[in-house]
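What the coordinates show
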Amino acid sequence: MIQREDYEGETLEECCDECVRYWDWDDSYLVKGYESNTIETNRQLKEIGTNENGNEIAVPQEVYVYYQTAMEKLKEK
């Protein structure tokens, strides 16, 4: 299962910061009773996009660098 998460903000940095805040997400909504058949859940960034005039477009590489730096700072704490 792949889960998509959308974040809203005035800037891409605000959206990245919001995503980083929830890196250790709650998976309690997964179907119960099938734990033995469930692969361990994890969270991996696949892509970052933005919506411009109703079209989703890829963001510049600098946004990925910002996100990765924010994740590293969080993990240092």
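Residues numbered from 1 in each chain as written. Predicted model: local features only at pLDDT ≥ 70, side-chain atom pairs only at ≥ 80, totals over all residues. Heavy atoms only, no water.

Ranked by size, the top nonpolar core spans 10 residues in total: C16, C19, V20, I48, V59, V63, Y64, Y67, A70 and M71. Where this core is concerned, the elements lending two or more residues are α1 (12–21) and α2 (61–76). If one sorts the elements of this core by residue count, α2 sits on top with five residues. The residues contacting V20, other than those within four sequence positions of it, are Y67, A70, M71 and L74. (Core = buried A, V, L, I, M, F, W, Y, C linked by side-chain atoms within 4.5 Å. Buried < 20%, exposed > 50% of the residue type's maximum accessible area, 1.4 Å probe, protein only. Helix = DSSP H or I, 4+ residues; strand = E, 2+ residues; numbered from the N terminus. Contact = heavy atoms within 4.5 Å.)

This paragraph deals with α2. An ideal rise of 1.5 Å per residue puts 22 Å on 16 residues; α2 measures up with 23 Å between its terminal C-alpha atoms. Along α2, the positions that sit buried rather than exposed are V63, Y64, Y67, A70 and M71. The buried residues of α2 occupy an angular sector of 125° when projected down its axis, which confines them to one face. Among the exposed residues of α2, those oriented more than 90 degrees off its buried face are Q61, E62, K73 and E76. Buried residues along α2 sit in contact with α1. (Expected span 1.5 Å × (residues − 1). Arc of directions from axis to C-beta.)

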